[in-house]
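Secondary and tertiary structure notes
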Amino acid sequence: MARLRWVSALSDERLAKANGIELAYQEVGDPDGEPLILIMGLAVQMLGWEEGFCTMLAERGFRVVRFDNRDIGHSTILKEAGMPSRYDMFSGRRASAAYTLSDMAADTFGLMDFLGMDSAHVVGVSMGGMIGQTMAIERPERVRSLVSMMSTTGNRRVGQPSIRAWGVLLSKYPRSREDYIARVRRTLKVLGSPDYPMDEERSVELATSMYDRGHNTAGIIRQIHAISASGDRTAQLRKVEVPTTVLHGSRDPLARPAAGRATAKAIPGARLRIFDGMGHDLPEELWPEFVEEIAANAERGGASIAAPARTV
């Protein structure tokens, strides 16, 4: 079993200078283990990669890094960038975007530089999957393997959100702590997994932790604009040679299953797995299976991965 050095208290959080900004990050696992970067999705801080999940990956021999994307949590908040109009945000007007997914990919490479990683295995969820895809497109020599989870190719005609999911995206952003927690709980009920509902205590704990670390509505809106302004990656993904696995939920209302199928179809040799009853979240019950898929894909990328620990 890999030596763990995870400390859950925020005092263990560090700041990395990356691509002209600062990214807040934490890591767990053997410092000499297989480097693994976890990239979170829209509006969610690195806490979305829960400690137990990160520890399971560390136990397989990975050096696991989770971090806050730009404009969220304790990473640099680009206040001077202002907010895009709703038209610009949903039309994908590139000229008015404060940044794109390419900039966020460059952030991640900058974090890898800071940590002394020439290359790494990359796992991204939702927007994080889009960032991971962009990394594999733009700097494939730095991506050992890619797992794209509940994400899309950027093709707006495939896997669009359901009406209820659109309602979540377009609803008014909360300001108070109480309203923020209520919104997160409501969002999880709409976007979460029907067969694996998150318990109330855990959802409240996650929402409270994120609000207390720092809630920034403008940053979330700029992230949405970065997604829309980055366009369709399908043609570029057809040239990707990085070992890739695509994981998706059969009941995902935000990036519907067609989005996952399109991603796997676009990337040559990609493995696709769709989990029955899973929505747009990371159910704890499925963590062992996610870990197995990540480990197997890393082995396709040349990694030597430890066998799972036996349970008695």
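Located above this text is the structure these notes cover.
Scope of this entry: the structure provided in the associated data block. Bear in mind that the values here come from a model prediction, so they are computed numbers and not experimental data.

1. Some words on helix α3 (residues 101-114)
Between the first and last C-alpha of α3 there are 20 Å, a value that for 14 residues agrees with the 20 Å anticipated at 1.5 Å per step. Turning to α3, its buried residues number three or more, namely L101, M104, A105, D107, T108, F109, G110, L111 and M112. Count one or two residues on from α3 and you reach G116, which has phi positive near 75 degrees.

2. Brief notes about the packing of α3 against helix α4 (residues 127-138)
In the contact formed by α3 and α4, the axes pass within 9 Å of each other and the chain directions differ by 75 degrees. One element, α3, and the other, α4, form an angle in the roughly perpendicular class. Every residue of α4 that contacts α3 at L101, S102, M104, A105, T108, F109 and M112 is listed here: M127, M130, I131, T134, M135 and E138. Its residues placed into classes, the contact of α3 with α4 shows nine nonpolar, three polar and one charged.

3. Describing the pairing of strand β1 (residues 14-18)
With five bridges connecting them, β1 and strand β2 (residues 21-28) associate as antiparallel partners. By the bridge assignment, A16 is partnered in β2 with L23. The turn joining β1 and β2, which pair antiparallel and follow one another in sequence, is formed by two residues; a positive phi near 55 degrees is taken by N19.

4. Focus: the environment of T208
Relative to the helices and strands, T208 is located in helix α7 (residues 200-213). Relative accessible area serves as the criterion here: at 18%, T208 is assigned to the buried category. Expressed as a C-alpha distance, the spacing of T208 and Y180, which sit 28 residues apart in the sequence, is 8.3 Å.

Parameters and conventions
- Residues numbered from 1 in each chain as written.
- Predicted model: local features only at pLDDT ≥ 70, side-chain atom pairs only at ≥ 80, totals over all residues.
- Heavy atoms only, no water.
- Helix = DSSP H or I, 4+ residues; strand = E, 2+ residues; numbered from the N terminus.
- Expected span 1.5 Å × (residues − 1).
- Buried < 20%, exposed > 50% of the residue type's maximum accessible area, 1.4 Å probe, protein only.
- Axes fitted to C-alpha atoms, helices over the stretch in contact; angles between N-to-C directions.
- Parallel < 35°, antiparallel > 145°, perpendicular 65-115°, else oblique.
- Contact = heavy atoms within 4.5 Å.
- Nonpolar A, V, L, I, M, F, W, Y, C, P; charged D, E, K, R; others polar.
- Pairing = 2+ DSSP bridges.

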